[in-house]
Amino acid sequence: MRILLVEDEKKVARFIKKGLAENNYVVDIAPDGEEGLFLAETELYDAIILDLMLPKINGLDILKRIRKQGKNVPVICLTAKGKIEEKIEGFNAGSDDYLVKPFRFAELLARLRAILKRSKNVPASTNLKYADLSLNQLTRQAERNGHAITLTSKEYSILEYLMLNAEQIITRTMITESAWDYSFDIMSNVIDVHIKRLREKIDGNEKIKLIHTMRGMGYVLKKDFK
Ligand code: CA
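The rules behind the values
- Residues numbered from 1 in each chain as written.
- Predicted model: local features only at pLDDT ≥ 70, side-chain atom pairs only at ≥ 80, totals over all residues.
- Heavy atoms only, no water.
- Salt bridge = Lys/Arg side-chain N within 4 Å of Asp/Glu carboxyl O.
- Helix = DSSP H or I, 4+ residues; strand = E, 2+ residues; numbered from the N terminus.
- Buried < 20%, exposed > 50% of the residue type's maximum accessible area, 1.4 Å probe, protein only.
- Pairing = 2+ DSSP bridges.
- Axes fitted to C-alpha atoms, helices over the stretch in contact; angles between N-to-C directions.
- Parallel < 35°, antiparallel > 145°, perpendicular 65-115°, else oblique.
- Contact = heavy atoms within 4.5 Å.
- Nonpolar A, V, L, I, M, F, W, Y, C, P; charged D, E, K, R; others polar.
- Polar contact = N/O pair within 3.5 Å; in protein donor to acceptor, adjacent residues only side chain to side chain.

### Quick word on the pattern of salt bridges
- Per the stated rule, a full pass over the model turns up 18 salt bridges.
- Two residues, Lys64 and Glu89, come together in a salt bridge whose shortest N-O distance is 3.8 Å. One end of the pair, Lys64, is in helix H3 (residues 59-68); the other, Glu89, is in helix H4 (residues 84-92), and 25 residues separate them in sequence.
- Note on Glu89: relative accessible area 39%, which makes it partly exposed.
- Glu167 is the partner of Lys223 in a salt bridge, and the nearest nitrogen-oxygen pair spans 3.8 Å. Of the two residues, Lys223 is situated in the segment after strand S11 (218-221) and Glu167 in the loop between helix H6 (153-164) and helix H7 (172-179); the sequence distance between them amounts to 56 residues.
- On the basis of relative accessibility, which here comes to 43%, the residue Lys223 falls in the partly exposed class.

Next comes the structure, spelled out in structure tokens:
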């Protein structure tokens, strides 16, 4: 899951990014409204955490502009002020949730999970299944044919993406956008290395292979691959 965090206070931004990274989210930080709007318009995110008081362009204006463009990405607004008028304005502008600073990280995480669950990208179930492979989105453990498989954070992100899009061709760009932040160099072979390791873990001891390479296109998760 890839998150955009628009926050000008460095300490707060670092604190949120660290916590989210520990929970296997990939986070891009925008330190002002201009960069926040640019990233929200040009990159794909599963959710946006948006501070309202920002240099250059304020959070509510960013929210209004991305909603006007028809983007329905879930947004949590952050603000130092808990004023009711601002809350109402935020919800009118298309915010999904609201958090007043200072807040505990656990609360942000709970709200983030809730809006991700409500958004169309994440199924209500926390256990993804495909053929005899299952992936628990809470414990981040995979299981195939009764054997538990431990995944690294990147392997988890890639496998989750493959399972959410099973039997569809997944390009390297799509994997990059779902599992890396925007500074990632797409020309590198890092994705192939992670896929190779993931494949060893998932398919290494199995007769029926699930992860396949589509030459010149990308990858596919498919049980009856021909
Ligand atoms: Ca601020």
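### So, the sheet that holds strand S2 (residues 26-30)
- Strand order across the open sheet formed by 5 strands is S2-S1-S3-S4-S5, with parallel pairing between neighbours. At either end of the open sheet lies a strand with only one pairing partner, and these are S2 and strand S5 (97-100). Pairwise comparison of adjacent strand axes, ignoring direction, gives a mean angle of 20° for this sheet.

### Section: the packing of H7 against helix H8 (residues 190-203)
- H8 packs onto H7 with a crossing angle of 85° between their chain directions and a minimal axis gap of 11 Å. Classed by the angle they form, the pair H7 and H8 counts as roughly perpendicular. Touching Arg172, Ile175 and Thr176 of H7 are Ile191, Asp192 and Ile195, all from H8.
- Of the residues that constitute the contact of H7 with H8, the class distribution is 3 nonpolar, 1 polar and 2 charged.

### What about the side chain of Asp51?
- Residue placement: Asp51 occurs in strand S3 (residues 47-51).
- A distance of 3.2 Å separates the side chain of Asp51 from the side chain of Lys101, its partner in a polar contact.
- Beyond its immediate stretch of four places on either side in the chain, Asp51 contacts Val6, Glu7, Asp8, Gly59, Leu78, Thr79 and Lys101.

### Quick word on the sheet that holds strand S6 (residues 127-130)
- Reading across from one edge, S6-S7-S8-S9 is the order of the 4 strands in this open sheet, with antiparallel pairing throughout. Each edge of the open sheet is held by one strand with a lone partner, namely S6 and strand S9 (147-149). Put simply, the sheet's adjacent strands are angled 20° from each other on average, direction ignored.
- Where S6 and strand S7 (residues 133-136) come together, 4 bridges link them in antiparallel fashion. Paired with Asn127 across the bridge in S7 is Asn136.
- Sitting on the sheet, H6 is in contact with S6, S7 and strand S8 (142-144), with an inclination near 120° to S7.

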